[in-house]
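Results of the structural survey
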Amino acid sequence: MSPMRLNVLLLCLSVIAFAPGGQAQPQWKAGVAKVAITPTESIWMAGYASRTKPSEGVQTDLYLKALALDDGSGKPAVFVTSDLIGFRKKIADAIAEGCEKQYGLTRDRLVLNSSHTHSGPIIGDFDPPAGYEQQREVVRRYNNGLIEKAVVTIGVAIKNIAPVRLEFAQGFAGFAVNRRRDHPGTRGLPGVVDHDLPVLAVRNPDGALLAILFGYACHNTTLGAYQINADYAGYAQRALEKQYPGATALFVLGCAADANPLPRYQGTDPALVHYSLELVEMYGRILAASTDLTLHGKMKRIEGPLRTAFERVDVAFQTPPSREELLSWSKGKDTDRRAEADRMLKALKRNGRLPDHYPYPVEVWQFGKTLKLIALGGEVVADYSLRLKAQYGWEDTWVAGYSNDVFAYIPSVRVLKEGGYETWGGDGGPFHPSIEEIIGAKVQDLVKQTAR
């Protein structure tokens, strides 16, 4: 090779290897793993307070999946998705502690997200109704097995890390409807909803897809029967994995607290029951199709480094209802209100008082100067996603809800003023109206931390 050609080659390599300022450009690596978490025995199902018996068979398997990302620093970060109602703090903490002990994975480099399917098992502590006391042990066994499987699967994903490139873009899907309008006399409420469909493509050096991380902000509540089912998110993931053999599709639930897939049918009328599975399969196909169209469109190359931050911030409850009010609600006809009252009465009996605040988890991942991923705990209403994307950028901000601790609804000021179901904050009752600004301020703090 001539000296001139050698110099040109070295110059090209230096341009590829170094960013402006002489700093090395990170080389992305990624690994993926998944494990079936389908219950192997009849188990009490999560999501609907009106449940009166355990599950009766399995329609689709449930999975936990892990995507490990390394920006070239040798410090992986792992995003976990799951066909579950949500990780409660106790379960999430156990998984995080196991990962830090075994893999040195710090808390800010782990996100635990769930699809919030209402056709899966109870996660966390469970006080079964009379006659089903054995279900307490069934749920405990499942939860212990889930923690073990999660830690192992995260480790496999980290072990599988190999060179990749990352690309990001957003699509749309339109079947999410603000469910606060879906009640008698409420059709006139604002139809706030987030129809964005963010997609992160993880490609091998040859361009083949290794993983597809995609999200949507809609409850996985198409179904209401007693069979285990991953709902529309599961159908979407299976459709994508069938279309791209060898790739793993991971679904991320957004700020979906006040959005339902509509129409849907959860009744038992023989003339209508066929709609249940037809609709859930159709919503899965729509989501998979939109994701595929996004993959075939113009995607932005994602650079590093990956900066991460995780903190908890106290959010306050309003003045709680009295014990007498709770007892009255527990005897009322409103099933959801009864369930909330029973939960608060148990908390009152257990602790002697109701909590006045809750430690709320917020996590931010900043990919270079492009993609910003914000992961919020609880069942977050759409206002948060729309507000944060307007604040930090519609094109490159991804807001996930149902992450790291799914313990209660997280209402906005708007929802608190309107009242209704999504205002309830768990053991402490409704949250104080300051909650929206407190969470917004903590997100801003972490955004600044990860921008350095």
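Note that the coordinates shown come from a computational prediction; the quantities given were computed from them, not determined experimentally. (Residues numbered from 1 in each chain as written. Predicted model: local features only at pLDDT ≥ 70, side-chain atom pairs only at ≥ 80, totals over all residues. Heavy atoms only, no water.)

Looking now at the overall build of the chain. Along its length, the chain carries 10 helices and 18 strands. Relative to the 2.2 N^0.38 estimate, which gives 22 Å for 452 residues, the radius of gyration of the chain is 23 Å and therefore close to what a compact globule would have. Within the span of the chain, comprising 452 residues, buried residues form 55% of the whole. Across the chain, the fraction of contacts at a sequence separation of at least 24, relative to all contacts at a separation of at least 6, is 77%. Accessible area of the chain: about 19,700 Å², with a carbon and sulfur share of 55%. Placing the 52 positive and 49 negative side-chain charges of the chain at their respective mean positions leaves the two points 3 Å apart. (Helix = DSSP H or I, 4+ residues; strand = E, 2+ residues; numbered from the N terminus. Rg over C-alpha atoms; globule rule 2.2 N^0.38 Å. Buried < 20%, exposed > 50% of the residue type's maximum accessible area, 1.4 Å probe, protein only. Contact = heavy atoms within 4.5 Å. Areas by Shrake-Rupley, 256 points an atom, 1.4 Å probe, with all protein chains shown as cover. Lys, Arg positive; Asp, Glu negative; His and termini not counted. Charge placed at Lys NZ, Arg CZ, Asp CG, Glu CD.)

The subject of this paragraph is the packing of aromatic side chains. Enumeration according to the criterion identifies 16 aromatic pairs in this entry. Ring geometry for F214 against F251: centres 5.7 Å apart, planes inclined by 70°, an arrangement best described as edge-to-face. With F214 in strand 9 (residues 209-216) and F251 in strand 10 (residues 248-253), this residue pair connects regions lying 37 residues apart in the sequence. As far as the burial class goes, F214 and F251 line up, both buried. Through a chain of ring-to-ring contacts, the aromatic side chains of F175, F214, Y216, Y232, F251 and Y283 assemble into a single cluster. (Phe/Tyr/Trp six-rings, centres within 6.5 Å; stacked < 30°, edge-to-face > 60°.)

Within the structure shown, the criterion is met by 24 salt bridges. R141 serves as the salt-bridge partner of E41, at 2.8 Å between the closest nitrogen and oxygen. Highlighted residues: E41 in the loop between strand 1 (29-36) and strand 2 (63-70) and R141 in helix 3 (residues 135-159), separated in sequence by 100 residues. The partly exposed category is assigned to E41, whose relative accessible area is 33%. Classification of R141 as partly exposed rests on a relative accessible area of 38%. As a salt-bridge pair, R179 and E422 come within 2.8 Å of each other at their nearest N and O atoms. (Salt bridge = Lys/Arg side-chain N within 4 Å of Asp/Glu carboxyl O.)

By the element assignment, T291 lies in helix 5 (residues 274-295). Taking the relative accessible area as the measure of exposure, T291 reaches 0% and is therefore buried. If we ignore the near neighbours within four places in the chain, the residues touching T291 are L197, V199, I212, F214 and L240.

Between helix 2 (residues 89-103) and helix 3, the least distance of the axes is 9 Å, while the angle of their chain directions is 40°. Between helix 2 and helix 3, the interaxial angle falls into the category oblique. The element helix 2 and its partner helix 3 pack so that their crossing is right-handed. For the pair helix 2 and helix 3, the contacting residues are I91, A94, I95, G98, C99, Q102 and Y103 in the first and N143, L146, I147, A150, V151, V152, I154, G155 and I158 in the second. Across the contact of helix 2 with helix 3, the residue classes break down as 12 nonpolar, four polar and no charged. (Axes fitted to C-alpha atoms, helices over the stretch in contact; angles between N-to-C directions. Parallel < 35°, antiparallel > 145°, perpendicular 65-115°, else oblique. Left-handed = near helix turned anticlockwise from the far one by under 90°. Nonpolar A, V, L, I, M, F, W, Y, C, P; charged D, E, K, R; others polar.)

What follows deals with the sheet that holds strand 3 (residues 77-82). Read from one edge to the other, the open sheet built from five strands follows the order 4-3-2-1-5, with strand pairing classed as mixed. With one partner strand each, in any of the chains shown, strand 4 (110-112) and strand 5 (162-163) form the two edges of the open sheet. The sheet contact formed by strand 3 and strand 4 spans three bridges and is parallel. Residue F79 lies in a different strand from strand 4, and its bridge partner there is V111. (Pairing = 2+ DSSP bridges.)

Attention now goes to helix 2. Note that an α-helix has 3.6 residues per turn; residues three or four places apart therefore point the same way. Here helix 2 is 15 residues long and its end C-alpha atoms lie 20 Å apart, about the 21 Å a rise of 1.5 Å per residue gives. Among all positions in helix 2, only I91, A92, D93, I95, A96, G98 and C99 are buried. Packed against the buried residues of helix 2 are strand 4, helix 3 and strand 13 (306-316). Just downstream of helix 2, G104 is the residue with a positive phi angle, here 70°. (Expected span 1.5 Å × (residues − 1).)

Evaluation of the coordinates by the stated rule reveals two cavities of 30 Å³ or more. There is about 90 Å³ of room inside the largest cavity. If you go around the largest cavity, you meet 13 residues; those closest to its centre are D194, D196, P198, K389 and V399. Listing elements by their share of the lining of the largest cavity, those giving two or more residues are strand 8 (196-203), strand 9, helix 8 (382-392) and strand 17 (397-400). In terms of residue count, strand 17 provides more of the lining of the largest cavity than any other element does, three residues in total. For the lining of the largest cavity, the per-class residue count stands at five nonpolar, five polar and three charged. In this structure, the second largest cavity occupies an estimated 30 Å³ of space. Among the elements of the structure, strand 2 and strand 3 are those that each provide at least two residues to the lining of the second largest cavity. Per-class residue counts for the lining of the second largest cavity are two nonpolar, four polar and two charged. (1 Å grid on protein atoms, 1.4 Å probe; cavity = no way out; pocket = protein on both sides within 12 Å on 5 of 7 lines; lining within 4 Å. Points joined across faces, edges and corners; volume = space filled by probe spheres on them.)

Moving on: the sheet that holds strand 13. Pairing is mixed across the open sheet formed by four strands, whose spatial order is 13-14-15-17. Strands at the two margins of the open sheet, each flanked by one partner only, are strand 13 and strand 17. The mean inter-strand angle of the sheet, taken between neighbouring strand axes irrespective of direction, is 15°. Sheet topology places strand 13 next to strand 14 (residues 357-367); 11 bridges connect them, and they run antiparallel. Bridging across to strand 14, A316 finds its partner in H357. Along the sheet, helix 8 makes contact with strand 15 (372-376) and strand 17, crossing strand 17 at roughly 160°. Of the strands in this sheet, strand 13, strand 14 and strand 15 touch helix 10 (residues 435-450), which is tilted by about 160° from strand 13.

Honestly, it's all geometry; don't read function into it.
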